[in-house]
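Here's the letter readout for the chains.
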Amino acid sequence: MTDNLQTTQYKQCVHCLEQKPVTDFLRRTGRRSGPASRRGSCRSCRKTRSRITVPVTVSAANQEAASKMVSPLAAMPDAVAALPASQAEPVVVPAVASEPAAAAVPAVAPKRPRPSKAPARTAGAGGKYRPSPLPANYSPSDASLLRTTRKGTVWMRGKTDKGRRWHQEIELELAVTLVKERAAVVVNRTTIRRLFSNKDFRSYILTRDNYTCHFCGQYGDTIDHMLPRAKGGHTTPDNCVCACNECNQSKADKDIDEFMREL
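Residues numbered from 1 in each chain as written. Predicted model: local features only at pLDDT ≥ 70, side-chain atom pairs only at ≥ 80, totals over all residues. Heavy atoms only, no water.

## Quick look at the environment of lysine 180
For clarity, the threshold we go by: A run of H or I in DSSP counts as a helix once it spans at least four residues, and a run of E counts as a strand once it spans at least two, with each numbered from the N terminus. When a residue's accessible area, from a 1.4 Å probe over protein chains only, is under 20% of the maximum for its type it is buried; when over 50% it is exposed; and in between it is partly exposed. By definition in these notes, contact holds between two residues if any of their heavy atoms fall within 4.5 Å.
In this structure, lysine 180 sits in helix α5 (residues 172-180). Take lysine 180: its relative accessible area is 60%, and that puts it in the exposed class. Between the C-alpha atom of lysine 180 and that of serine 141, which follows or precedes it by 39 residues, the distance is 6.8 Å. Not counting residues within four places of it along the chain, the set of residues in contact with lysine 180 comprises Ala143 and Asp238.

Laid out in structure tokens, this is it:
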């Protein structure tokens, strides 16, 4: 018989501070709650707290109307008022009709005002930088549309000889030069895209010049910078020409005018 008896467990309510059986408390349903976890308030306290109503806000117009209303007991005849309490019927007092504006105020916290939309050159919801949009009829070769990011640079992206994508940050002056010399195009106000990979650029220059040396007119299979890279030149279609191996080595880092006078 003693093996079948179960010991009753008790728990203290956080509201009434009384020791009550554990069965009077609701179970917790969270992921981290154990099998014997119970809530802090008992069932009777939960019912009592759920009956608490929010105070009703009455407008000034309703208060004035209620004060001018005549009580039903005052308008009743004296004979009815003189009846004993056992024979008197309960009197139902009509409720004052309230205006829609004076309805009960729900116990809901006021909504916070929504923040204004961020400008085009600020970070978005995810923290990502959003450049301002380009005009509808913009030209990809118009370098005047470029703007720097918050870091003061411009993004340049392209593809390797094997087709793998790459990107890097460059100065605004270099980005403008690459666009003007037809080596890149404008994607958006802060990004440009290289038109050629290294292999494609070499094939384009040699095919364009028909494998003819720009300096001596002989067969050429190398590429030379008219303005040397040591003096600020860049690898662009406007600055590169086809050259033979001999002219390419003889020119080295000389200017085009100086080299042509030596020929």
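Once the structure has been displayed, the description carries forward.
## As for the pattern of salt bridges
Here is the rule: Definition used for salt bridges: Asp or Glu carboxyl oxygen within 4 Å of a side-chain nitrogen of Lys or Arg.
For the structure shown, the criterion picks out six salt bridges. Between arginine 182 and aspartate 238 there is a salt bridge, with its nearest N and O atoms 2.5 Å apart. Separated by 56 residues along the polypeptide, arginine 182 in the loop between α5 and β7 (184-188) and aspartate 238 in the loop between β9 (222-225) and β10 (240-243) bring together distant segments of the chain. Residue aspartate 238 is classed as partly exposed on the basis of its relative accessible area, which comes to 36%. A salt bridge links aspartate 255 to lysine 231; the shortest N-O distance between them is 3.3 Å. In this pair, aspartate 255 sits in the loop between α7 (245-251) and α8 (256-262) while lysine 231 sits in the loop between β9 and β10, placing the two residues 24 residues apart along the sequence. In this structure lysine 231 comes out as partly exposed when scored by relative accessible area, which is 44%.

## Examining the layout of surface pockets
Threshold: Every definition here rests on a 1 Å grid over the protein atoms only: cavities are sets of points where a 1.4 Å probe fits but cannot get out, pockets are open sets enclosed by protein on both sides within 12 Å along at least five of seven lines, and lining residues have some atom within 4 Å of a point. Grid points are joined across faces, edges and corners, and a volume is the space filled by probe spheres set on the points. Under the grouping applied here, Gly and all other residues not named as nonpolar or charged are polar, the nonpolar ones being Ala, Val, Leu, Ile, Met, Phe, Trp, Tyr, Cys and Pro and the charged ones Asp, Glu, Lys and Arg.
As a volume, the largest pocket reaches approximately 380 Å³. Met156, Arg194, Asn198, Arg229 and Thr235 are, among the 20 residues lining the largest pocket, the residues nearest its centre. Put simply, the parts of the chain that give the lining of the largest pocket at least two residues each are β5 (154-159), β6 (165-170), α5 and α6 (198-208). Across the lining of the largest pocket, the residue classes break down as eight nonpolar, seven polar and five charged. Approximately 180 Å³ is the volume attributed to the second largest pocket. Together, Arg157, Gly158, Lys159, Arg165, Trp166, His167, Arg193, Arg194, Leu195, Phe196 and Ser197 line the second largest pocket. Counting only elements with at least two residues in the lining of the second largest pocket, the list comes to β5, β6 and β8 (191-194).

## Digging into the nonpolar core
To keep it simple, the criterion reads: What we call a nonpolar core is a set of buried Ala, Val, Leu, Ile, Met, Phe, Trp, Tyr and Cys residues that are connected through their side-chain atoms within 4.5 Å.
Core analysis: the biggest nonpolar cluster contains 13 residues, and Leu146, Ile170, Ala175, Leu178, Val179 and Ile192 have the highest contact counts within it. Elements that contribute at least two residues to this core include exactly β5, α5 and β7. Looking at which element gives the most residues to this core, the answer is α5, with four residues.

## Here we look at the side chain of threonine 191
Along the polypeptide, threonine 191 turns up in strand β8. In this structure threonine 191 touches Leu146, Val154, Trp155, Arg157, Val185 and Val186, once residues within four positions along its chain are discounted.

## Describing the pairing of strand β4 (residues 38-42)
We count it as follows: Strands pair, by our definition, only if DSSP identifies at least two bridges between them.
The element β4 is extensively covered by neighbouring structure, given that four of its five residues are classed as buried. The pairing of strand β3 (residues 25-27) with β4 spans two bridges and is classified as antiparallel. Each residue of the ladder has a partner; that of phenylalanine 25, found in β4, is cysteine 42.

## Some points on the packing of aromatic side chains
For clarity, the cut-off: Two rings from Phe, Tyr or Trp (for Trp, the six-membered ring) form a pair when their centres sit within 6.5 Å of each other. Planes less than 30 degrees apart are called stacked, planes more than 60 degrees apart edge-to-face, and all others tilted. Geometrically, a lysine NZ or arginine CZ counts as sitting over a ring once it is within 6 Å of the ring centre and also within 35 degrees of the ring normal.
Enumeration according to the criterion identifies four aromatic pairs in this entry. Here phenylalanine 196 and tyrosine 204 contribute two aromatic rings whose centre-to-centre distance is 4.9 Å and whose plane-to-plane angle is 25 degrees, an arrangement assigned as stacked. Where tyrosine 211 meets tyrosine 219, the ring centres are 6.2 Å apart and the plane angle is 5 degrees; that geometry is what we call stacked. Lysine 11 extends its terminal NZ or CZ atom over the ring of phenylalanine 25, reaching a point 5.3 Å from the ring centre.

## Some points on unusual backbone geometry
Despite not being glycine, leucine 17 shows a phi value in the positive range, around 60 degrees. A residue is classified by how much of its surface remains accessible, and leucine 17, at 56% relative accessible area, is exposed.

## Concerning the side chain of lysine 251
Defined as follows: Whenever a nitrogen or oxygen atom comes within 3.5 Å of another N or O atom, the pair is scored as a polar contact, on the condition that within protein one atom can donate a hydrogen and the other can accept it, and that pairs from neighbouring residues in sequence are kept only if both atoms are in side chains.
By the secondary structure assignment, lysine 251 is in helix α7. Polar contacts involving the side chain of lysine 251 include one to the side chain of aspartate 224, which spans 3.4 Å. Engagement of the side chain of lysine 251 in a polar contact is seen with the backbone oxygen of methionine 226, the distance being 3.4 Å. The residues contacting lysine 251, other than those within four sequence positions of it, are Phe215, Asp224, His225, Met226, Pro228, Ile256 and Phe259.

## Considering a positive patch on the surface
What counts is decided by this rule: For patch detection, residues must exceed 30% relative accessible area and be free of salt bridges, and they are connected within 9 Å for like charges or within 5 Å for nonpolar side chains (Val, Leu, Ile, Met, Phe, Trp, Tyr). Only the protein chains shown count as cover for residues, and all accessible areas are computed by the Shrake-Rupley method using a 1.4 Å probe. Counting rule applied: Lys, Arg positive; Asp, Glu negative; His and chain ends not counted. Note that the charge is assigned to NZ on lysines, CZ on arginines, CG on aspartates and CD on glutamates.
Taken together, the side chains of Arg28, Arg39, Arg43, Arg46, Lys47 and Arg51 make up a positively charged region of the molecular surface. Looking at the positive patch element by element, the count peaks at three residues for helix α1 (residues 43-50). Along the chain, the position of arginine 28 falls in the loop between β3 and β4.

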